[in-house]
Amino acid sequence: MKIKLSEVLRPLALGALLLSGATLAPAALAQVQPLDRVVAIVDNDVIMQSQLQQRIREVQQTIEKRGADAPPMDVLQQQVLERLITENLQLQIGDRSGIRIADEELNQAMGTIAQRNNMSLEQFREALSRDGLSLESAREQIRREMVISRVRQRRVAERIQVSNQEVQNFLASDLGKLQLSEEYHLANILIAVPEAADSATIQAAERTAMETYQQLQQGADFARLAVSRSGSENALEGGDMGWRKAAQLPPPFDTAVRELAVGEVTEPVRTPPGFIMLKLLDKRGGETQVRDEVHVRHILIKPSAIRSEEEARLLVQRLRDRISAGEDFAQLAKSFSEDPGSALNGGDLNWIDPASLVPEFREVMANTASGELSPVFKSPYGWHILEVLGRRATDASEQFREQQALTLLRNRKYDEELQAWLRQIRDEAYVEIKL
C-alpha cells in the first residue's frame, strides 16, 4: 500500500497548530483520522496498535486451524501484548549486542522453510498471501525470530552450568546408559502359536519357523516372507519395527541384537506369541568414535594500525625463509608470533582436532605433509605459517559420550533457565501499558 505524504504529515501539522494555539473548526477536527497509536512503551521502544492487531489476527488463525476455542478477546489481547513486550525486550538486547541477520542468511532461511513445506519460493509467497501475509512481512518476522534465537543462545547458555560430577552421574545412571546406547533398526517375523495350542501345533509352528530361517539364510527376501507368513501386526510393512534400544527388547533379544551384524537374522526364539526372528536392518550411535588429530605449530602476524596487510604478509614470508634457512621455528615463534595462546610454547598447538580450526587453517594443514613447512597463508586472524609435526587417530569414544551427556543435561536445563531469564528481563524493564 502506498502512503501519501500528506497522510503522514497531517498529524504533524495538527500538532503544530495545537501548540501554536490556533483554533480548528469542528469540521476540520472530524476529518483528522489517527493512523496508529502506541499501546505500550517498552524501555527505549514502543509497541503500536497495528502490531498488536496483526499478531492477534495471526494467533486467531492458528487457533482456528487447530480447531480449538479462542479465549475471550480481553484475555487474548493481554496474552498477545505480553508476548510482544517480551519479544521487543529481546530484540532490543539483540540490537545493543550488535546481532545482525544478513540478507543472504535470511534468504537461505526462507528457502529452507519453503523446502520443508515442499514448496517453491513462489508457492510459499502464495501460501502466505492466502493467510493474509506478504513475503516482506514474513521475512521481517523470520528475521526477528532469528535475532531472538541468537539472543537466547548467548544469554541463556551462559546461565546454564553443568558440573563434571553431574555428567559422570548421568553416564553411570540407568537412564544415561539407555539414552546413550546404540539404537537398532529391526524387522521381525512371527510364526504365531495359539495360546492353548497342543504339542503338535507347536511343533508344526517350529518347523515353519526353521524353514523360514533357512530360506533367509539362503538369501530369501525378509520383507516378502514377513508379508506372507508373519503373524505380527507389522507384517504388511515387511515386519519393520522401527528403531529400538536393546534395553527396550525382551530377553534374549536384548543381548542377541548386540552380536548381529547389519543384515543378519537371529535364529527363531520361542516366546508366548510364537516363534520370532529379528533382522538387523541398521544401527546408529554408541559406536567407537575415532578422531583424527594433528600435531601442529604456527606463527601468526596480525595487520594493525602501524602494520599494513602487505607488511604483515612480507614479515611472515621473511620468517618462513629464515626457518627454511635453518633457524629454530620455536624461537622465532616466541619472538614474533602474535597468538597469545601458543607463542610462549614456540607456536605449538599440541594435538588438535582439525574440525575445531577455521577453514583456511584446516585446509592448509591438510595439504601440508608431516615435517614440512606450509606456504604463507591468510585466515580471519591474520597471516600464518604452520608446520605439521605429526598425525594420529585417537579413540574419542569416552569424550564423545561425555559430550553427548553434557548436551542432554544442558538441554534439560535450557527451558527452565529460559523462563527464569525471560521473567528477569521483564521485571527489570520499564514497561508502560497504554491500552
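What counts and what doesn't
- Sequence order sets the numbering: in each chain, residues are counted from 1 along the sequence as written.
- Only residues with pLDDT of 70 or above have their local features reported here, since the model is predicted, and side-chain atom pairs are shown and tallied only from 80 upward, although totals for entire chains, interfaces and linings are computed over all residues.
- Hydrogens and waters are ignored; side-chain quantities use all the structure's heavy atoms.
- All axes are obtained by fitting lines to C-alpha atoms, using only the stretch in contact for helices, and the reported angles, taken between N-to-C directions, cover 0 to 180 degrees.
- Counting from the N terminus, the helices are the DSSP runs of H or I reaching at least four residues and the strands are the DSSP runs of E reaching at least two.
- When an angle is under 35 degrees it counts as roughly parallel; over 145 it counts as roughly antiparallel; between 65 and 115 it counts as roughly perpendicular; any other value is oblique.
- For a crossing to be left-handed, the near helix must be turned anticlockwise from the far one by less than a right angle; the clockwise case is right-handed.
- Working rule for contacts: check all heavy atoms of both residues, and any pair within 4.5 Å makes them a contact.
- The rule is simple: take the accessible area with a 1.4 Å probe, protein chains only, and divide by the maximum for that residue type; under 20% is buried, over 50% is exposed, in between is partly exposed.
- This arc is taken over the directions from the axis of the helix to the C-beta atoms.
- By the convention adopted, Pro, Cys, Tyr, Trp, Phe, Met, Ile, Leu, Val and Ala count as nonpolar, Lys, Arg, Asp and Glu as charged, and the other residues, Gly among them, as polar.
- When DSSP finds two or more bridges between a pair of strands, those strands are recorded as paired.
- By convention here, the domain bounds are inherited from an automatic or database domain assignment.
- The term salt bridge refers to a side-chain nitrogen of Lys or Arg lying within 4 Å of a carboxyl oxygen of Asp or Glu.
- UniProt positions are given in the numbering used here, feature names are shortened, and annotations may be inferred rather than shown by experiment.
- Definition used in this section: a nonpolar core is a set of buried Ala, Val, Leu, Ile, Met, Phe, Trp, Tyr and Cys residues joined via side-chain atoms within 4.5 Å.
- Residues counted as positive are Lys and Arg, residues counted as negative are Asp and Glu, and His and the chain ends are not counted.

**A look at the packing of helix α13 (residues 309-324) against helix α14 (residues 329-336)**
Argument step 1. Between α13 and α14, whose axes approach to 10 Å, the crossing angle comes to 155°. Between α13 and α14, the crossing angle belongs to the class labelled roughly antiparallel. Between α13 and α14 lies a crossing of right-handed hand. Contact residues: α13 offers Leu319, Arg322 and Ile323, while α14 offers Phe329, Leu332 and Phe336.

**As for helix α6 (residues 121-130)**
Argument step 1. Among the residues of α6, Phe124, Ala127 and Leu128 are the ones counted as buried. Around the axis of α6, the buried residues are gathered within 100° of arc, so they sit on the same side. Residues of α6 that are exposed and point over 90 degrees away from its buried face: Ser129 and Arg130.
Argument step 2. Residues of α6 that are buried make contact with α5 (103-116) and α7 (135-157).
Argument step 3. Two residues or fewer after α6 comes Gly132, characterised by a positive phi angle close to 80°.

**Concerning the packing of helix α4 (residues 73-96) against α7**
Argument step 1. The N-to-C vectors of α4 and α7 enclose an angle of 75°; their axes lie 9 Å apart at closest approach. Here α4 is positioned roughly perpendicular relative to α7, judged by the angle of their axes. Counted together, Glu87, Gln90, Leu91, Ile93 and Gly94 of α4 and Arg144, Val147, Ile148, Val151, Arg152 and Arg155 of α7 form the full contact between these two elements.
Argument step 2. When grouped by side-chain class, the residues that make up the contact of α4 with α7 number 5 nonpolar, 2 polar and 4 charged.

**Description of the sheet that holds strand β3 (residues 183-192)**
Argument step 1. The strand order across the open sheet formed by 4 strands is β4-β3-β6-β5, and the pairing between neighbours is antiparallel. With one partner strand each, in any of the chains shown, β4 (240-245) and β5 (269-271) form the two edges of the open sheet. The mean angle between the axes of side-by-side strands here comes to 45°, regardless of whether they run parallel or antiparallel.
Argument step 2. As defined by bridge partners, β3 adjoins β4 across 5 bridges and the pair is classed as antiparallel. The residue of β4 that forms the bridge with Glu183 is Lys245.
Argument step 3. Docked against the sheet, helix α10 (residues 199-217) engages β3, β5 and β6 (274-284), running at close to 30° with respect to β6.
Argument step 4. In the packing of helix α11 (residues 222-229) onto the sheet, contacts are made with β3 and β6, and the angle to β3 comes to roughly 40°.

**Structural notes on the sheet that holds strand β1 (residues 38-42)**
Argument step 1. Sheet architecture is open: 3 strands sit in the order β2-β1-β11, paired in antiparallel fashion. The sheet is open, and its two edges are formed by β2 (45-48) and β11 (431-433), each paired on a single side. Strand-to-strand, the axes of this sheet are offset by a mean angle of 20°, without reference to chain direction.
Argument step 2. Pairing of β1 with β2 involves 4 bridges; the strand directions are antiparallel.

**Overview of the domain arrangement of the protein chain**
Argument step 1. For the protein chain, the assigned domains read domain 1 (38-158), domain 2 (182-284) and domain 3 (290-396).
Argument step 2. Just the C-alpha atoms count here: the centres of domain 2 and domain 3 sit 57 Å apart.

**Structural notes on the pattern of salt bridges**
Argument step 1. Within the structure shown, the criterion is met by 18 salt bridges.
Argument step 2. Of the charged contacts in the structure, one is a salt bridge between Glu417 and Arg159, with a shortest N-O distance of 3.3 Å. Of the two residues, Glu417 sits in helix α16 (residues 397-428) while Arg159 sits in the loop between α7 and α8 (164-172), which places them 258 residues apart along the sequence.
Argument step 3. Its relative accessible area of 28% is what places Arg159 among the partly exposed residues.
Argument step 4. Note that Lys378 and Glu309 form a salt bridge whose closest N and O atoms lie 3.5 Å from each other. Residue Lys378 is found in strand β9 (residues 377-379), and its partner Glu309 is found in helix α13; the two are separated by 69 residues along the sequence.
Argument step 5. Residue classification places Lys378 among the partly exposed residues on the basis of a relative accessible area of 40%.

**With respect to the UniProt feature "domain: PpiC" (unreviewed entry) in the protein chain**
Argument step 1. Feature annotation in UniProt places "domain: PpiC" (unreviewed entry) on residues 181-282 and 291-390, given in this structure's numbering.
Argument step 2. End C-alpha to end C-alpha, residues 181-282 measures 14 Å, and it is 30% helix and 27% strand.
Argument step 3. Strand forms 28% of residues 291-390 and helix 32%; the C-alpha atoms that close the span are 14 Å apart.

**Considering the pairing of β6**
Argument step 1. Here β3 pairs with β6 via 10 bridges, running antiparallel. Looking across to β6, one finds that Asn188 is bridged to Leu278.
Argument step 2. Bridge count for β5 against β6 is 3 bridges, and the pairing is antiparallel. Of the residues in β6, the one forming a bridge with Arg270 is Phe275.
Argument step 3. Joining the antiparallel neighbours β5 and β6 is a turn of 2 residues.

**Re the nonpolar core**
Argument step 1. Membership of the largest hydrophobic core comes to 44 residues, with the highest contact counts inside it found for Ile47, Leu52, Leu81 and Trp421.
Argument step 2. Those elements that provide at least two residues to this core are β1, α3 (49-66), α4, α5, α6, α7, α8 and α16.
Argument step 3. Aside from chain neighbours lying at most four places away, what touches Leu81 is Val39, Ala40, Ile47, Leu52, Ile433 and Leu435.

**Focus: the environment of Leu386**
Argument step 1. Considering the arrangement of structural elements, one finds Leu386 in strand β10 (residues 382-395).
Argument step 2. Judged by its relative accessible area of 0%, Leu386 is buried.
Argument step 3. Considering only alpha carbons, one finds Leu386 and Glu237, 149 residues apart in sequence, at a separation of 56 Å.
Argument step 4. Excluding residues within four positions of it along the chain, Leu386 makes contact with Val296, Arg297, His298, Phe361, Val364, Met365, Thr368, Glu372, Leu373, Ser374 and Phe377.

**Considering the side chain of Lys245**
Argument step 1. With respect to the secondary-structure elements, Lys245 resides in strand β4.
Argument step 2. Of the side chains with opposite charge, Glu183 comes closest to the buried, unpaired Lys245, at an N-O distance of 4.5 Å.
Argument step 3. Look past the residues within four positions of Lys245 in its chain and what remains in contact with it is Leu178, Gln179, Leu180, Ser181, Glu182 and Glu183.

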